[in-house]
Amino acid sequence: MSASTEQATTDAAGGAQPAPAAPARRDRRALLTALTVALVLLCAGVAVAVSIGDDGFWRQSGLPVPEPGLKAATVVAKVLAVAATALAAGSLLVGGLVAAPQGSGTVDVHGYRALRRGTLAATVAGVSAIAAGWLSVADMTGNSPGVLASVGPFGWLGAAATIEEPLGWALAGALLLLVALASAFSLSWKAVAALGLVAACAMAVPAAVHPAATGAGHDWSGDANVLRAVAGTAWLGLVAALVAFRVHGGVVEGRTAGRIRGLLAVGGVVYLAGEILFQLVVTDAGPLGGSAYVRVAVVVAVLLPALVPLTALLVRGLVTAPGGPAPGRLLPVVAVLGAVVATLGVASIRLVPPRFVVAEDSALQTLIGWDIDRPFSALAVLTDWRWNLLFGTGALVLAGLYLMAVRRLASRGVVWPVGRTVAWLLGCATLLLATSSGLGFYSPSMFSVHMISHMTLNMLAPILLSLGGAVTLALRVLRPAGRGNPPGPREWLLAAVHSRVARVMTHPAFAAVLFVGSFYVLYFTPLFDGALRFHWTHQLMNLHFVLAGYLFFWPLIGVDAAPHRLPHLGRLAVMLATMPFHAFFGVAVMSSSTVLGENFYRQVGLPWLDLLDDQRTGGGIAWATGEIPMLLVMVTLVVQWSRDDSREAARKDRQAERDDDAELKAYNAMLEQMRRGG
């Protein structure tokens, strides 16, 4: 199909109409002006970033000081990787969620143009990120790029893994190249939107291993850095992609305009909150005067309050009809401010925050982020809280969204079962307690408490959340986007639930293997010892526990319709087949004479703790807390089975009253005919 035919098809389906020629030319001139100014400013920013480095501190610490050319190349590679990643994520999100798809589910002309732009940007971002990792190794080790090249194309990865931050860039680059490869063969709006989310999340990899996310409070600074990286990438990328969408004649109006403004507002708030929290942690108790890092932070703090409202005004012009306010005047200003903020943000990676100039962190602060000065107890669960920025905040957000949805249904006169609301809120409370209460406070340093938190996240929270029926509630609240309109939240949710990935991951066999097998893979391999050393791996473990449990219990006892739904007898069989493996795991941990994660726990060195006794306690906890919820699930299955049989019997009785028991009479007639036939 030609481009003109596709455009006609889109127009006939109610898609975006081309913009008038004059506004389009005006917007193109504004775009070219903005790109030119941003490029010039980027070059100037790189020069400034190279000149403000803390080389004196590096010399005093015995660290090698790289040549100015190497520093400049490293900054350029990182800035280019961030900018291209933002454009890739924004373009793919616009192509999948903003441009109205065709009736077949493939992207239209505007979506295809955004898809190709996103593919090119992801390719550039992947190459730049890998180059940034390679150059960062040279920057941090004092080796020239020529020396690194002499050890082979992958020889530098060993040093990158030791330093961590270069490896983060390399892994992000590999992920972005995979996004580029997948997007080159994708035309479905669902796949394009999913790839946009993956591209935005790619920046979480180098953000999680940021050099400043160490020492006291590194759990908060690490999570805040991940939030600001992902939210900032999606936020700036969406704005840039909307500009290109508008320049090529795309129109964003109606409900889509409101959704885009809402997404950008949420992204901006998350980005600002992450930025503020990160800076508060890394500058705490340090000398604020005479620090290059503080000078950069002050400039960014001055520019952000101007960048955010100006971006909001720019978006307001972008999401109106082409005859409305044009982005021409604001676009160069926003591009300049965005280029400055991005350049300074990347350049600050190799600057030393004030806290680290005078910090003398304890062993516990270095390993887990905070000190522990008393043994674990039941009272400590309620008094010693350590807020988990991702899971604690996420639990509150999930509870709030659920209550808002229930209230909206009530305003329509629809009654939502109270039991489901109670189950969901208890699930959110369980998630909060397991990660932010005393359990979250002690779990990084004690195996037994870690096992309590693990089993709570893996067994109890998913059971309660699956009984809450959040997907069913959302589908009742959200309204369809309408024929010919860009997909809305309801369509996004349906696409996720009915996707191939969901069908595979919720298959009872796959979910059972993931649910049970992950215990043995994690704890009886060197993976556990390595995962204990970093906060971001703790967060990944928490996420894995919750998702693995939810994928297992959703098809078994969940209220929401699952892609795979076994009969009740099959569900009981799955439960009976998995229960022994939990018992075997608990017994294996209790009887082991080798301390799991011994190197890490000995470095933590809690004086009142015997590691082997603590591990045996953890094994007993795994055994007990694994079997009790499973028994509760089996009771729930039996109750659901009984209720379904009662409803089926009542349905058949009503049917018999309507047709004078025609089904039974036909069955008796069949038996009589068989008897007569011998």
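In this text the structure is predicted, and so the values were computed from the model without any measurement.

## With respect to the overall build of the protein chain
- Along its length, the protein chain carries 31 helices and zero strands.
- For the protein chain, the residues scored as buried account for 49% of the 678 residues in total.
- Taking contacts inside the protein chain between residues at least 6 apart in sequence as the whole, the part at least 24 apart equals 80%.
- Element-wise, carbon and sulfur atoms account for 69% of the exposed surface of the protein chain, whose accessible area totals about 30,600 Å².

## Quick look at the packing of aromatic side chains
- Applying the stated criterion to the full structure yields 21 aromatic pairs.
- Aromatic side chains Phe 515 and Phe 553 sit 5.5 Å apart centroid to centroid with 75 degrees between the ring planes, which places their arrangement in the edge-to-face category. One end of the pair, Phe 515, is in helix H25 (residues 508-523); the other, Phe 553, is in helix H27 (residues 535-557), and 38 residues separate them in sequence. Exposure class is identical for Phe 515 and Phe 553. Each is buried.
- One Lys or Arg, Arg 386, reaches over the ring of Trp 220 and ends 3.9 Å from the middle of that ring.

## A look at a positive patch on the surface
- Residues Arg 255, Arg 408, Arg 412 and Arg 479 make up a contiguous surface patch of positive charge.
- Looking at where Arg 479 falls in the secondary structure, it is placed in the loop between helix H22 (470-477) and helix H23 (489-497).
- By relative accessible area, Arg 479 is classed as exposed at 59%.

## Let's talk about the environment of Val 239
- By the element assignment, Val 239 lies in helix H11 (residues 218-247).
- Measuring from C-alpha to C-alpha, the distance between Val 239 and Leu 87 comes to 8.9 Å, with 152 residues separating the pair along the chain.

## Quick word on the side chain of Ser 518
- Among the secondary structure elements, Ser 518 is positioned in helix H25.
- If near-sequence neighbours (up to four positions away) are discounted, Ser 518 is found in contact with Val 513 and His 544.

## A few points about the pattern of salt bridges
- Summed over the entire model, instances satisfying the criterion amount to seven salt bridges.
- Between Lys 78 and Glu 165 there is a salt bridge whose closest N-O contact spans 3.3 Å. Highlighted residues: Lys 78 in helix H4 (residues 68-98) and Glu 165 in helix H8 (residues 165-183), separated in sequence by 87 residues.
- The class for Lys 78 is buried, based on a relative accessible area of 6%.
- Here Glu 165 falls in the buried class, since its relative accessible area comes to 2%.
- Between Arg 228 and Glu 275 there is a salt bridge; the shortest N-O distance is 2.8 Å. Here Glu 275 lies in helix H12 (residues 254-283) and Arg 228 lies in helix H11, a separation of 47 residues in the sequence. The exposure classification of Arg 228 matches that of Glu 275, with both residues buried.

## As for the side chain of Gln 615
- Within the secondary structure, Gln 615 sits in helix H30 (residues 611-659).
- What Gln 615 contacts, discounting residues up to four positions off in sequence, is Phe 447, Val 589, Ser 592, Thr 594, Val 595 and Leu 596.

## A look at the environment of Phe 553
- Residue classification places Phe 553 among the buried positions, given a relative accessible area of 0%.
- The spacing of Phe 553 and Ala 511 is 42 residues in sequence and 8.7 Å in space, taken between C-alpha atoms.

## Focus on H11
- For H11, spanning 30 residues, the distance from its first C-alpha to its last is 43 Å, which sits close to the expected 44 Å at 1.5 Å a residue.
- Burial analysis of H11 places 24 of its 30 residues in the buried class, which makes it a mostly covered element.
- Gly 249 sits one or two residues past H11 and shows a positive phi near 95 degrees.

## Brief notes about H25
- Over its 16 residues, H25 extends 23 Å from the first C-alpha to the last, a length consistent with the 22 Å expected when each residue adds 1.5 Å.
- Remark: the principal bend of H25, roughly 40 degrees, maps to Gly 517.
- Those residues of H25 not exposed but buried are Pro 508, Ala 511, Ala 512, Phe 515, Val 516, Ser 518, Phe 519, Leu 522 and Tyr 523.

## Focus on the packing of H25 against H27
- One can describe the packing of H25 onto H27 by two numbers: an axis separation of 7 Å at closest approach and a directional angle of 150 degrees. Classified by the angle their axes make, H25 and H27 are roughly antiparallel. The two elements H25 and H27 meet at a crossing, and its hand is left-handed. In this structure, H25 uses Ala 511, Ala 512, Leu 514, Phe 515, Ser 518, Leu 522 and Tyr 523 to contact H27, whose residues at the interface are Met 541, His 544, Phe 545, Ala 548, Gly 549, Leu 551, Phe 552 and Phe 553.
- The residue inventory of the contact of H25 with H27, partitioned by class, reads 12 nonpolar, three polar and no charged.

## Observations concerning the packing of H22 against H23
- Their axes nearest at 9 Å, the elements H22 and H23 cross at an angle of 145 degrees. As for how H22 packs across H23, the hand of that crossing is left-handed. Where H22 abuts H23, its residues Val 471, Ala 474, Leu 475 and Arg 476 lie against Arg 490, Leu 493, Leu 494 and Val 497.

## Overview of the confidence of the model for the protein chain
- Here the protein chain averages 78 in pLDDT, while 77% of its residues score no lower than 70.
- With pLDDT under 50 throughout, residues 321-326 is counted as low confidence; its partners more than four residues away or in other chains account for 15 contacts.

## Brief notes about the environment of Val 94
- Within the secondary structure layout, Val 94 lies in helix H4.
- Taking C-alpha positions, Val 94 is 7.1 Å from Gly 111, a pair spaced 17 residues apart along the chain.

Here is what the cut-offs are and how they apply
Residues numbered from 1 in each chain as written. Predicted model: local features only at pLDDT ≥ 70, side-chain atom pairs only at ≥ 80, totals over all residues. Heavy atoms only, no water. Helix = DSSP H or I, 4+ residues; strand = E, 2+ residues; numbered from the N terminus. Buried < 20%, exposed > 50% of the residue type's maximum accessible area, 1.4 Å probe, protein only. Contact = heavy atoms within 4.5 Å. Areas by Shrake-Rupley, 256 points an atom, 1.4 Å probe, with all protein chains shown as cover. Phe/Tyr/Trp six-rings, centres within 6.5 Å; stacked < 30°, edge-to-face > 60°. Lys NZ or Arg CZ within 6 Å of the ring centre and 35° of its normal. Patch = residues over 30% accessible without salt bridge, like charges linked within 9 Å, V, L, I, M, F, W, Y side chains within 5 Å. Salt bridge = Lys/Arg side-chain N within 4 Å of Asp/Glu carboxyl O. Lys, Arg positive; Asp, Glu negative; His and termini not counted. Charge placed at Lys NZ, Arg CZ, Asp CG, Glu CD. Expected span 1.5 Å × (residues − 1). Bend = angle between axes of the 7 residues up to and from the residue. Axes fitted to C-alpha atoms, helices over the stretch in contact; angles between N-to-C directions. Parallel < 35°, antiparallel > 145°, perpendicular 65-115°, else oblique. Left-handed = near helix turned anticlockwise from the far one by under 90°. Nonpolar A, V, L, I, M, F, W, Y, C, P; charged D, E, K, R; others polar. pLDDT = per-residue confidence, 0-100.

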